Amino acid sequence: MARITRRRLLGVIGGAAVLAASPAWVRSGVLPIKRSSASEGDEAGGETTAQWGMIIDLRKCDGCESYTPGEAQCTTACQREHMLNEDQTWIRVFEMEEPGGGTYFMPRPCFQCENAPCLNVCPVGATFRNKEGVILVDQDRCIGCRFCMAACPYGARYFNWDEPPEAAQKLLSRPTPEYPVPQRKGTVGKCEACIHDLRYGKLPACSQGCPMNAIYSWDMAKDLATNGIEIVKASEFIDEGHGYRFKEELGTRPRVVYIPGHGEEFGRKAES
Amino acid sequence: MTTAPSARLREDTMRPLMQTGRLYYAFVGFLLIVIAWGMFAYTRQLSDGLAVTGMRDKVSWGLYITNFVFFIGISHAGTLISAILRLTHAEWRRPITRMAEVITVVALMTGALFPIFDLGRPDRIPNLIEHGRLSSPIIWDFISISTYLTGSIIYLYLPMIPDLAMCRDRFRGSAHRFRATLYRILAIGWKNTAEQRRRLDIALAVMMILIIPIAISVHTVVSWIFAMTMRSGWNSTIFGPYFVVGAIFSGVAAIITVMWIFRKAFHLEEYITAIHFRYLGFLLLALDLIYAYFTLAEYLTTGYKLEGGDKALLEELMTGRYASFFWAFVVGGMVIPALLIAFPKTRTPNWIFFASVLVNIGMWLKRFVIVVPSMALPLLPYEWGTYWPTWVEISISVAALAWFALIFTLFAKFFPIISVWEVEEALEPAAEGVPVASGGPSLGPRPLPAMEPGGQDEPR
């Protein structure tokens, strides 16, 4: 019988284990990695990288009650832009209760959290933050475990249980994390802040779709925000409007700030 | 060397390996049909996507994750109990360690399938290795469970070597060529020499100590998949120990269940006695009480404060749509089993078996009410998520249960389900001139070298 010593056997097993595990350790690193093949080299020439967030002025939002009751235009525009199934509401308007019994409307896109729970739990690094601070999903890598959906405290992530609508499937474009159209079955999708448009000076679909111009895209690096009608100095605009972040106490540091209101700029009463 | 009881022991444990009845084939055939049906259901899921399940964006984890937690839970029984009983030289463990160890391996082989069933893109599993990120609890699970599976296979195999040698000797030159070869290879030249026994003892001692922290890590990181999120019901600091206790609790129940079935099926009443049921019953009762304590700690500390999400969740659990599940778990899974074991009148193998089945069902329900309601709970003012499994999910789950039974059934057909040499060791403490522990009881365990420094290595 060949002499297989314990030492040798353990050595072989150990060596095999190290070999098998090495790609994971070498490539990943422990901390959230900066890995964004699509955004590299895409930076606007010479300027500082924009840092995108959103300011949503709830004084202007009446949930489209006066315009198309029951249908929020931001949601519709987003779904059209990304060719989504109807149950995927990457931006969705919620009717929130006021303490006095009235209500206000709150559109909820992805908050692009700076301490993003979804990003931390992704086992394969399919969710990542790009240079402009937008949380994106690489649908070529996502394994569909849906841990990010369990981790997101805002329910802002959606799974493609099914194929996207037929029109989207017929698109010849190859989806990228920054323009994930068409969506891919078996993977997770979410609001991408329309980074594919923002970078070229176009407003996100929801912002363009909003008839009240309540959604401002906010470049935090420049401290400027615009809804397509006006450009405001973001810090002043937020402070003077007493801006707040939703569920701030969770510590996720959302990049979306709300200016409180109930659609009063269009004559809506809170107790309506 | 063999005296009458040990000869009978060998006969009784080898009989299932030598003779196979019709009923056995019928049972295996039945299991195969169930598994085939489950595989068909899985092909539907693969081609049509997870849309064929009852899961949707609000409740995005359901039956599969529940089953995952459940099976990983019962995998704790085995190895942990066997290791602890071996370490503490509990003599009565001898006839049941093998079964316990098999439960671990089989439950892991079943439980580890469920996350795969749950994946939207199972074809991308290699991404876990190629792109794995250590910051994700799923990677912790992946590492921990694969370590545990490897460790428990080794821990199952090591104490099987002397028995495999016994099988090898029995099948040498027999018409069963496949079996003869199988046992010859697996017995790796075991001749029961003093040196071989010394090495086996050391290897076993190392493994039984190593396996305990590994086992605990497994259910801890399983719970952390939930506890690392901010959802009400999951956002808990005690989830690690809570899950570990729950795992051992349901694991002991699984041992009792399996033990009762094999005792009946293989007529092992002589070896698996009322004592085993009673002792494991006491263990089950103790774990029942510890689990009840953790349950109280978990729900009282959130229920006292009634933070918004917790309040809504607790209302649904205690009086709402999940109340039947929750109270079935409390009453059927904790109170009734505890009473059955506490009263001497019902402390019989059959009643304890019944209690263990109740615990298993109750703990499954408990896992369900951990996974689903926390996901159904609205994060924003929208209606509660709804979830009910579809035929695909149920078929796959039942098929996995059949798979669990199938591996067990096949194992019992190829290998002795009782650790023959360990039981023999208790029958004949002085066999082969191996020194008995001085001052030990006459049926006492042979001290392990690793446990007693200067024991066997030194010349006497």
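Up top is the structure these notes are about.
Because the structure is predicted, anything quoted here is derived from the model rather than measured.

J.: Help me out: how do you make sense of the overall build of chain A in this one?
T.: A count of helices and strands for chain A gives eight helices and eleven strands. Residues classed as buried in chain A amount to 54% of the 272 residues present. Carbon and sulfur atoms make up 55% of the accessible area of chain A, which amounts to about 12,700 Å² in all.

J.: What is the right way to look at the side chain of A:H82 in this model?
T.: Residue and element names in this part refer to chain A. Checked against the element boundaries, H82 lands in helix 2 (residues 73–82). Among the residues examined, H82 registers a relative accessible area of 2% and is labelled buried. Looking at H82, its side chain comes within polar contact range of the side chain of E192, at 2.6 Å. Those residues within four positions of H82 in sequence are excluded, and the remaining contacts are W90, V181, E192, C194 and H196.

J.: Explanation requested: the pattern of salt bridges in the structure shown.
T.: Close approach of charged atoms allows side chains with opposite charge to pair. Taken as a whole and judged by the stated rule, the model has 36 salt bridges over all chains. Across the pair A:R184 and A:D140 runs a salt bridge whose closest N-O atoms are separated by 2.1 Å. One end of the pair, A:R184, is in the loop between helix 5 (166–169) and strand 7 (188–190); the other, A:D140, is in the loop between strand 5 (135–137) and helix 4 (147–151), and 44 residues separate them in sequence. Close ionic contact of A:D197 with A:K202 constitutes a salt bridge, the shortest N to O distance being 3.8 Å. Residues joined in a network through salt bridges with shared partners are B:R86, B:R93, B:E101 and B:E422.

J.: When you look at the environment of B:T53 in this model, what are you seeing that I'm missing?
T.: Note that B:T53 resides in the loop between helix 2 (22–48) and helix 3 (63–87). B:T53 gets classed as buried once you look at its relative accessible area, which sits at 2%. Once the C-alpha coordinates of B:T53 and B:K305 are considered, the two residues, 252 residues apart in sequence, prove to be 36 Å apart. Setting aside anything within four residues of it in sequence, one finds B:T53 in contact with A:W161, B:Q45, B:Y64, B:T390 and B:E393.

J.: Is there a simple way to think about the sheet that holds strand 1 (residues 52–57) of chain A in this case?
T.: Residues and elements named next belong to chain A. If you walk across this open sheet you meet the five strands as 10-9-8-1-11, and the pairing is mixed. The open sheet has two edge strands with one neighbour each: strand 10 (231–233) and strand 11 (256–259). Going across the sheet, the axis of each strand differs from the next one's by a mean of 25°, ignoring polarity. Across five bridges, strand 1 lies against strand 8 (residues 215–219) in antiparallel orientation. Counterpart to I55 in the pairing with strand 8 is Y216.

J.: Please explain the nonpolar core as it appears in this structure.
T.: Generally speaking, nonpolar side chains in soluble globular proteins are found buried as a group. Counting 197 residues, the largest nonpolar core has B:W61, B:F226, B:F408 and B:I417 as its most contacted members. In terms of residues, this core owes the most to one element, helix 11 (residues 239–266) of chain B, which gives 17 residues.

J.: Sorry if this is basic, but what is going on with the pairing of strand 3 (residues 103–108) of chain A here?
T.: Each regular strand shows side chains that alternate between the opposite faces of the sheet. All names here are of chain A. Extensive coverage of strand 3 is indicated by the burial of six of its six residues. Because side chains alternate across strand 3, one face comprises the buried residues T103, F105 and P107, and the other comprises Y104, M106 and R108, equally buried. Where strand 2 (residues 92–97) lies against strand 3, six bridges are found, and the strand directions are antiparallel. Its bridge partner being in strand 3, V93 is matched across the sheet by P107. Linking strand 2 back to strand 3 in an antiparallel pair, the connection comprises five residues, with G101 at a positive phi of about 105°.

J.: Sorry if this is basic, but what is going on with the packing of aromatic side chains here?
T.: Each pair of aromatic rings is reported with the distance of its centres and the angle of its planes. Residue and element names in this part refer to chain B. Summed over all chains, the structure comprises 50 aromatic pairs over all chains. Relative to F117, the ring of Y64 lies with its centre 6.2 Å away and its plane at 55°, an arrangement referred to as tilted. Pair noted here: Y64 is in helix 3 and F117 is in helix 5 (residues 113–118), with a separation of 53 residues, a long-range link. Residue classification places Y64 among the buried positions, given a relative accessible area of 0%. Owing to a relative accessible area of 13%, F117 belongs among the buried residues under this scheme. For the ring pair F411 and F415, a centre distance of 5.0 Å and an interplane angle of 45° mean the geometry is tilted.

J.: I keep staring at a nonpolar patch on the surface and nothing clicks. Help me out?
T.: The grouping of B:W327, B:V331, B:V335, B:I336, B:L339 and B:F343 at the surface amounts to a nonpolar patch, some 520 Å² of accessible area in total. Looking at the element boundaries, B:V335 is found in helix 14 (residues 323–342).

J.: What should I look at first to understand the pairing of strand 1 of chain A in this one?
T.: Residues and elements named next belong to chain A. In terms of residue burial, strand 1 counts as a mostly covered element, since six of its six residues are buried. Burial along strand 1 is two-sided: W52, M54 and I56 facing one way and G53, I55 and D57 facing the other are all buried. Here strand 1 pairs with strand 11 via four bridges, running parallel. Counted as the bridge partner of M54 is V256 from strand 11.

J.: When you look at unusual backbone geometry in this model, what are you seeing that I'm missing?
T.: If a residue is not glycine, its phi is most likely negative; likewise, a peptide bond is most likely trans. With omega at 0°, the peptide bond leading from A:V181 into A:P182 counts as cis. One non-glycine residue, A:D223, lies in the positive phi region at around 60°. Its identity as a non-glycine residue notwithstanding, B:H89 has a phi of 55°, on the positive side. Tracing the backbone through its elements, the reader meets B:H89 in the loop between helix 3 and helix 4 (97–111). What makes B:H89 partly exposed here is its relative accessible area of 27%.

J.: I tried to follow the packing of helix 8 (residues 161–171) of chain B against helix 9 (residues 177–186) of chain B on my own but got confused; where do I start?
T.: All names here are of chain B. Running from amino to carboxyl end, helix 8 crosses helix 9 at an angle of 145°, the nearest separation of the two axes being 8 Å. Relative to helix 9, the crossing made by helix 8 is left-handed. Counted together, L164, C167, R168 and F171 of helix 8 and R179, A180, Y183, R184 and L186 of helix 9 form the full contact between these two elements. Of the residues that constitute the contact of helix 8 with helix 9, the class distribution is six nonpolar, no polar and three charged.

J.: Sorry if this is basic, but what is going on with the interface of chain B and chain A here?
T.: Size of an interface, as often reported, equals the accessible area lost when the parts are brought together. Contacts between the two partners involve 43 residues from chain B, matched on the other side by 54 residues from chain A. Our count for the contact surface shared by chain B and chain A stands at one salt bridge. The partner of B:D118 in a salt bridge is A:R146, with the nearest N and O atoms 2.7 Å apart. Our count for the chain B to chain A interface comes out at 23 residue pairs in polar contact (both at pLDDT 80 or more). Those elements that provide at least two residues to the side of chain B that touches chain A are helix 2, helix 6 (126–130), helix 7 (137–157) and helix 10 (194–227) of chain B. Tallied by class, the residues present in the side of chain B that touches chain A amount to 22 nonpolar, eleven polar and ten charged.

J.: Just to check I follow, could you spell out the packing of helix 12 (residues 274–305) of chain B against helix 15 (residues 349–376) of chain B for this structure?
T.: Packed helix pairs are characterised by how far apart their axes lie and by the angle those axes make with each other. Residue and element names in this part refer to chain B. Interaxial distance between helix 12 and helix 15 falls to 10 Å at its minimum, and their mutual angle equals 30°. When the interaxial angle is binned, helix 12 and helix 15 end up roughly parallel. Handedness of the crossing formed by helix 12 with helix 15: left-handed. Between helix 12 and helix 15, the contacting residues are A274, F277, R278, G281, L284, Y291 and Y299 on the first element and P349, I352, S356, V359, M363 and K366 on the second. Residue composition of the contact of helix 12 with helix 15, grouped by class: nine nonpolar, two polar and two charged.

Rules and cut-offs
Residues numbered from 1 in each chain as written. Chains lettered and ligands numbered in written order. Predicted model: local features only at pLDDT ≥ 70, side-chain atom pairs only at ≥ 80, totals over all residues. Heavy atoms only, no water. Helix = DSSP H or I, 4+ residues; strand = E, 2+ residues; numbered from the N terminus. Buried < 20%, exposed > 50% of the residue type's maximum accessible area, 1.4 Å probe, protein only. Areas by Shrake-Rupley, 256 points an atom, 1.4 Å probe, with all protein chains shown as cover. Polar contact = N/O pair within 3.5 Å; in protein donor to acceptor, adjacent residues only side chain to side chain. Contact = heavy atoms within 4.5 Å. Salt bridge = Lys/Arg side-chain N within 4 Å of Asp/Glu carboxyl O. Pairing = 2+ DSSP bridges. Axes fitted to C-alpha atoms, helices over the stretch in contact; angles between N-to-C directions. Core = buried A, V, L, I, M, F, W, Y, C linked by side-chain atoms within 4.5 Å. Phe/Tyr/Trp six-rings, centres within 6.5 Å; stacked < 30°, edge-to-face > 60°. Patch = residues over 30% accessible without salt bridge, like charges linked within 9 Å, V, L, I, M, F, W, Y side chains within 5 Å. Left-handed = near helix turned anticlockwise from the far one by under 90°. Nonpolar A, V, L, I, M, F, W, Y, C, P; charged D, E, K, R; others polar. Parallel < 35°, antiparallel > 145°, perpendicular 65-115°, else oblique.

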